[in-house]
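Coordinates in review
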Amino acid sequence: KRLLVSEGDSFQPIWSRDGRFITYWSTSGNNSVFRKRADGTGSAELLMHGRSSLILEDWSPDGRSLLFSEYTNRGDTDVWIYADGKPMPLLSSPSNEAAPRFSPDGRFLIYTSIHPKTGHDLWLMSVADRKTFCFRHRLLSARPISRQMDGGWRTRRMNPTGSRSTRSRSPDQAVDFKSRTTAAA
């Protein structure tokens, strides 16, 4: 069943956290971002227009803020947030910031930062004070992260010695990791 009908091409659909809405980017309306009921009823709500080079990423758990990445004139990507009816820059640097996700409780963001000299890193940002800290350096050697039930994060990697290292962080921890190493199976 075709749920989204627009005059232009539509891309990048993402679900709202409660499953009631689908947000998508469309070439109609001067490259616009719309939100529409997931059951297809009602009209599409225009959220933003004139954004031609963005990637829709994640809705906050309360449904009030939308994260998106946008290509810059510098040739990299920055992270923006759509809240209170307007888009605002959230993370900007000479690195590529991408793939932001809210923690289950909405207090933190985790995102990838790609720098030509330092490689792929995972960074955490506190939503309340916007402080950032490196969660995992050199993401290329890490397995995908997973969310923990308490809103924290976990990543695993194989060390050169063949042992497996598991690092996890609860949402209330400061910069230091709890670290545990186990013998390879």
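Residues numbered from 1 in each chain as written. Predicted model: local features only at pLDDT ≥ 70, side-chain atom pairs only at ≥ 80, totals over all residues. Heavy atoms only, no water.

1. Things to note about the packing of aromatic side chains
Our working rule: Here is the rule: rings of Phe, Tyr and Trp (six-membered ring for Trp) pair when centre to centre is within 6.5 Å. Planes less than 30 degrees apart are stacked, more than 60 are edge-to-face, and the remainder are tilted. Numbering of helices and strands runs from the N terminus; a helix is a DSSP stretch of H or I covering at least four residues, while a strand is a stretch of E covering at least two. Each residue's exposure class comes from its accessible area (1.4 Å probe, protein chains only) as a fraction of the maximum for that residue type: buried when under 20%, exposed when over 50%, partly exposed otherwise.
Summed over all chains, the structure comprises 3 aromatic pairs. Ring geometry for Tyr24 against Phe34: centres 5.7 Å apart, planes inclined by 25 degrees, an arrangement best described as stacked. In this pair, Tyr24 sits in strand 2 (residues 21–26) while Phe34 sits in strand 3 (residues 32–37), placing the two residues 10 residues apart along the sequence. Overall, Tyr24 belongs to the buried group, its relative accessible area being 2%. Relative to Trp80, the ring of Phe68 has its centre 6.1 Å away and its plane inclined at 20 degrees; by these criteria the two rings are stacked. Linking Phe68 in strand 6 (residues 65–71) with Trp80 in strand 7 (residues 77–83), this pair joins segments that are 12 residues apart in sequence.

2. Description of the nonpolar core
Definition in use: As used in this record, nonpolar core signifies buried Ala, Val, Leu, Ile, Met, Phe, Trp, Tyr and Cys residues forming a set joined through side-chain atoms within 4.5 Å. Pairs of residues are marked as contacts when any of their non-hydrogen atoms sit within 4.5 Å.
Ile14, Trp25, Val33, Leu47, Met48, Leu54, Leu56, Trp59, Leu66, Phe68, Trp80 and Tyr82 form the largest nonpolar core, which has 12 residues in total. Going through the elements one at a time, strand 4 (45–48), strand 5 (54–59), strand 6 and strand 7 are the ones with two or more residues in this core. For this core, the element with the most residues is strand 5, which contributes 3 residues. If we skip the residues at most four places from it in the chain, Leu47 touches Thr23, Val33, Phe34, Arg35, Trp59, Leu66 and Tyr82.

3. Points about the pairing of strand 9 (residues 96–102)
Within a regular beta strand, the side chains point alternately toward one face of the sheet and then the other, so they alternate between its two faces. Just so we agree on the cut-off: Think of it this way: DSSP has to see at least two bridges between two strands before they count as a pair.
Taken together, the 5 bridges between strand 9 and strand 10 (residues 108–115) define a ladder with antiparallel strand orientation. Its bridge partner being in strand 10, Phe102 is matched across the sheet by Leu109.

4. Regarding the environment of Ser93
By the element assignment, Ser93 lies in the loop between strand 8 (86–91) and strand 9. For Ser93 and His115, which are 22 residues apart along the polypeptide, the C-alpha to C-alpha distance reads 9.7 Å. With residues up to four places along the chain from it excluded, the contact list for Ser93 reads Arg74, Asp76 and Asp78.

5. A short note on the environment of Gly85
If you trace the backbone, Gly85 turns up in the loop between strand 7 and strand 8. Residue Gly85 is classed as exposed on the basis of its relative accessible area of 53%. As a C-alpha pair, Gly85 and Leu46 span 39 residues in sequence and 10.0 Å in three-dimensional space.

6. Focus on the environment of Gly40
Relative to the helices and strands, Gly40 is located in the loop between strand 3 and strand 4. Separated by 19 residues in the primary sequence, Gly40 and Phe21 place their C-alpha atoms 9.1 Å from one another.

7. Structural notes on the sheet that holds strand 9
Which entries qualify depends on this criterion: Working convention: axes come from line fits to C-alpha atoms, limited for helices to the stretch in contact. Angles between N-to-C directions cover 0 to 180 degrees.
Strand order in this open sheet of 4 strands is 9-10-11-12, and the pairing throughout is antiparallel. At either end of the open sheet lies a strand with only one pairing partner, and these are strand 9 and strand 12 (132–136). Direction aside, neighbouring strands of the sheet carry axes that sit 30 degrees apart on average. With 8 bridges connecting them, strand 10 and strand 11 (residues 119–126) associate as antiparallel partners. Its bridge partner lying in strand 11, Leu109 is registered against Met125.

8. As for the confidence of the model for the chain
Spelled out, the test is: Predictor confidence is given residue by residue as pLDDT, running from a minimum of 0 to a maximum of 100.
Per-residue confidence for the chain gives a mean pLDDT of 76, with 69% of residues at or over 70. Across the chain, the secondary-structure element scoring lowest on mean pLDDT is strand 16 (residues 178–182), at 30, and the one scoring highest is strand 7, at 93. Below a pLDDT of 50 lies the segment residues 171–185, which in the model reaches 36 contacts outside its immediate sequence neighbourhood of four places, other chains included.

9. What about the sheet that holds strand 3?
Reading across from one edge, 1-2-3-4 is the order of the 4 strands in this open sheet, with antiparallel pairing throughout. Lying at the two open borders of the sheet, with one neighbouring strand each, are strand 1 (10–15) and strand 4. Going from strand to strand, the sheet's axes swing by 30 degrees on average, the running direction of each strand aside. As defined by bridge partners, strand 3 adjoins strand 4 across 3 bridges and the pair is classed as antiparallel.

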